[in-house]
Amino acid sequence: MSQLSTITLFLLPWIPAFLCKVTTEEEFAVLEGGSLTIPCHYEPQYASYVKYWCQGRTREFCTSLARTDDHHLVDPAEKKVSIFDDPVQLVFTVTMKDLKEDESGWYICGVEIGGVWKADDTTFTKVKVIHGMSAVNSMMSGAEGSAVTIECLYSERYRESEKKWCRSGDWRSCLSTGSDGSYEDSSVAIRDDRTGAFTVTFKKLQMKDTAWYWCSAGQQKTAVHVLVTPQPTTDAKTIKEVPTVPSQSFPDLPPAKPITRETWSSHSPMLASVVVCSSVIFLAVVAILAIKFWRLHKSDRVPRDVEEMRAKFSGCSREAGDFQNAAVLFLNKDSQDVHMY
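In the annotation of an unreviewed UniProt entry, the protein chain is listed under the name Polymeric immunoglobulin receptor and assigned to Poecilia formosa.

Have a look at this one:
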């Protein structure tokens with residue numbers, strides 16, 4: 001029982017680290033002389049806690065660089081390391097400026113829990129400060145005839161170095177900045193701000209400009225690809241007018257005459273004759289059909305009368321001999337009574 005209590009007391013300070021975590025990226029890289037901003041995310045229950053940023057591999061031997069409870073009246077823009085907490089987004093950010101190569105190493109995002117039996121919630125990240133070059137966008141594209149600008153970044157030690165823009169595979173095409181940090185001709189302009197970046201601008205792209213290029217500073221260089229696309233076919237300048245087909249005339253055909261009241265009146269007798277003939281034919285057909293149906297109905301009535309008479313005879317006797325000397329007399333054709341003698 002004593003051993004279980006000892007293990008529980010040993011693990012108690014580390015329970016918050018498993019249940020509530022602070023997270024960030026495992027590694028960041030930045031060019032020497034540049035700035036770096038690192039976001040550290042935390043759980044909602046830590047919104048009101050103190051956050052800190054320190055340099056080191058363990059909390060016990062970590063050099064504090066910034067804390068959210070440090071309220072010295074110093075402009076954050078002038079601080080080398082600044083920290084900002086956003087409890088709504090549940091993230092605090094750390095910004096380090098003008099980084100040197102010897103500042104590479106391990107850093108800690110931490111939430112200060114406080115107390116003897118509670119450990120701080122922390123996470124580790126590695127920062128690499130390197131010297132060299134990079135491009136903001138290594139794959140650039142633009143339409144033929146348009147302008148495009150490439151931004152190349154370099155580390156602090158190359159601020160005073162000559163900057164070049166070269167077409168890959170052809171070093172004779174290299175364009176270099178002068179002592180004022182600029183170069184310009186009819187198609188390309190280069191500007192170096194001497195603060196860590198220079199720009200290359202194609203004033204008017206041509207299809208032949210599609211190629212790989214190099215941004216260069218000192219002995220460092222980085223590759224950039226430029227792709228020139230054709231102008232859209234819907235451009236107003238490229239739309240051709242569709243030729244109109246001339247209308248054809250037929251001089252041999254007489255012009256159409258409009259229908260007037262006079263022309264209608266001239267045709268009225270003929271139309272009246274057509275209507276009368278059609279009506280007579282229709283009435284004749286109806287009369288013929290009526291006579292045919294009446295005759296069919298009359299021929300069907302005699303068999304019905306015979307069948308009715310047989311039904312009445314069958315009620316008197318079933319022997320045929322009984323009717324050998326019988327006579328039938330119909331006193332009234334409209335009467336259905338039959339007298340047998």
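There's plenty left to go through after this.
When you go through the protein chain residue by residue, the secondary structure sums to five helices and 20 strands. Sorting the 341 residues of the protein chain into buried and exposed places 25% on the buried side. Partitioning the contacts of the protein chain with sequence separation of at least 6, the portion at a separation of at least 24 is 56%. Accessible area of the protein chain: about 24,500 Å², with a carbon and sulfur share of 59%.

A full pass over the atoms with the stated rule returns 17 salt bridges. As a salt-bridge pair, Glu103 and Lys80 come within 3.4 Å of each other at their nearest N and O atoms. With a gap of 23 residues between them, Glu103 in the loop between strand E6 (91-96) and strand E7 (105-112) and Lys80 in the loop between strand E4 (63-67) and strand E5 (81-86) connect regions that are remote in the sequence. Given a relative accessible area of 18%, Glu103 falls into the buried group. Looking at Lys80, the relative accessible area reads 36%, which means it is partly exposed. For Asp192, the salt bridge goes to Arg194, with nearest N and O atoms at 3.3 Å.

What follows deals with the state of the cysteines. A complete count under the given rule lists four disulfides for this structure. Here Cys40 connects covalently by a disulfide to Cys109, the sulfurs 1.8 Å from one another. One end of the pair, Cys40, is in strand E2 (residues 36-41); the other, Cys109, is in strand E7, and 69 residues separate them in sequence. For Cys109, a relative accessible area of 0% puts it in the buried group.

With that settled, the discussion passes to the environment of Met140. Mapped onto the fold, Met140 is located in strand E10 (residues 139-143). Overall, Met140 belongs to the buried group, its relative accessible area being 14%. Along the chain, Met140 and Ile150 lie 10 residues apart, while their C-alpha atoms are 7.5 Å from each other. Once residues within four sequence positions are removed from consideration, Met140 is found in contact with Val148, Thr149, Ile150, Val224, His225, Val226 and Leu227.

The five strands lie next to each other as E1-E8-E7-E3-E4, forming an open sheet whose pairing is mixed. Looking at which strands have only one partner, the edges of the open sheet turn out to be strand E1 (27-31) and E4. Across the sheet, the mean angle separating the axes of adjacent strands is 30° when strand polarity is ignored. The pairing of E1 with strand E8 (residues 121-130) spans five bridges and is classified as parallel. Considered in E8, the bridge of Glu27 is made with Lys126.

What follows covers the environment of Thr149. Within the secondary structure layout, Thr149 lies in strand E11 (residues 148-154). Accessibility expressed as a relative area gives 41% for Thr149, which makes it partly exposed. Sequence separation of Thr149 and Thr199 is 50 residues, and the distance between their C-alpha atoms is 6.6 Å. Beyond its immediate stretch of four places on either side in the chain, Thr149 contacts Met140, Thr199, Val200 and Thr201. At 3.1 Å, the side chain of Thr149 and the side chain of Thr201 are in polar contact.

Here E10 shows a clear split, with Met140 and Gly142 buried on one side and none of Met139, Ser141 and Ala143 buried on the other. Direction of pairing for E10 relative to strand E18 (residues 220-229): parallel, over a ladder of five bridges. Within E18, the position partnered with Met139 by the bridge is His225.

The next point concerns unusual backbone geometry. Despite not being glycine, Asp98 has its phi angle at roughly 50°, a positive value. Along the chain, Asp98 turns up in the loop between E6 and E7. Taking the relative accessible area as the measure of exposure, Asp98 reaches 33% and is therefore partly exposed. A positive phi angle is found at Arg194, which is not glycine, with a value near 60°. The topology assignment puts Arg194 in the loop between strand E15 (188-192) and strand E16 (197-202). Take Arg194: its relative accessible area is 29%, and that puts it in the partly exposed class.

What counts as what
- Residues numbered from 1 in each chain as written.
- Predicted model: local features only at pLDDT ≥ 70, side-chain atom pairs only at ≥ 80, totals over all residues.
- Heavy atoms only, no water.
- Helix = DSSP H or I, 4+ residues; strand = E, 2+ residues; numbered from the N terminus.
- Buried < 20%, exposed > 50% of the residue type's maximum accessible area, 1.4 Å probe, protein only.
- Contact = heavy atoms within 4.5 Å.
- Areas by Shrake-Rupley, 256 points an atom, 1.4 Å probe, with all protein chains shown as cover.
- Salt bridge = Lys/Arg side-chain N within 4 Å of Asp/Glu carboxyl O.
- Disulfide = S-S within 2.5 Å.
- Pairing = 2+ DSSP bridges.
- Axes fitted to C-alpha atoms, helices over the stretch in contact; angles between N-to-C directions.
- Polar contact = N/O pair within 3.5 Å; in protein donor to acceptor, adjacent residues only side chain to side chain.

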